[in-house]
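Close look at the chain arrangement
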Amino acid sequence: LGCCWSPERETEERRQLASSSAKETKRTRETMDSNNNQDPNNTADLTDFVQNLLQQMQTRFQQMSDSIIGRIDEMGSRIDDLEKSIGDLIQQAGLEEVDMGSKPPTTT
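Before going into details, it helps to say that this report is about the structure given with it. These numbers come from a predicted model, not from an experiment.

1. Side note on the overall build of the protein
For the protein, the helix and strand inventory stands at 2 helices and 0 strands. The burial tally for the protein puts 9% of its 108 residues in the buried class.

2. Considering the pattern of salt bridges
If you walk through the whole model with that rule in mind, you get 1 salt bridge. Asp88 is paired through a salt bridge with Lys84; the nearest N and O atoms lie 3.2 Å apart. Within this pair, Asp88 and its partner Lys84 are both found in helix 2 (residues 43-102), separated by 4 residues, close to a single helical turn.

3. Quick look at a nonpolar patch on the surface
The grouping of Leu46, Val50, Leu53, Leu54, Met57, Phe61 and Met64 at the surface amounts to a nonpolar patch, some 620 Å² of accessible area in total. Secondary-structure assignment places Leu46 in helix 2. Leu46 sits in the partly exposed class, given a relative accessible area of 49%.

4. Some words on the environment of Glu10
Looking at where Glu10 falls in the secondary structure, it is placed in helix 1 (residues 7-36). When the C-alpha positions of Glu10 and Ser67 are compared, they lie 9.8 Å apart, and in sequence the two are 57 residues distant.

Cut-offs and rules
- Residues numbered from 1 in each chain as written.
- Predicted model: local features only at pLDDT ≥ 70, side-chain atom pairs only at ≥ 80, totals over all residues.
- Heavy atoms only, no water.
- Helix = DSSP H or I, 4+ residues; strand = E, 2+ residues; numbered from the N terminus.
- Buried < 20%, exposed > 50% of the residue type's maximum accessible area, 1.4 Å probe, protein only.
- Salt bridge = Lys/Arg side-chain N within 4 Å of Asp/Glu carboxyl O.
- Patch = residues over 30% accessible without salt bridge, like charges linked within 9 Å, V, L, I, M, F, W, Y side chains within 5 Å.
- Areas by Shrake-Rupley, 256 points an atom, 1.4 Å probe, with all protein chains shown as cover.

In structure tokens form, the structure reads like this:
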């Protein structure tokens, strides 16, 4: 079922997130290294660095948030399916009890 949780799907999502995070961390370190070689009094560079870092953090949090919301929606759908299945089972059990109650007992 494509709509349901699977270990493979979760592993792939984590791998993609880790890969994205690793790339962003590398870019951040490169930016920090290049900024360390410059005049520390250069506030424009520092401002750009901080804005870039905050943007990367926001992107990561958004990805994580989207993933969590998707899983919550998926869980809600699964709960709805379970409730429907339980209702069907209760209905079937109720009908069978009524059918069994109307039949005369069998003797052997």
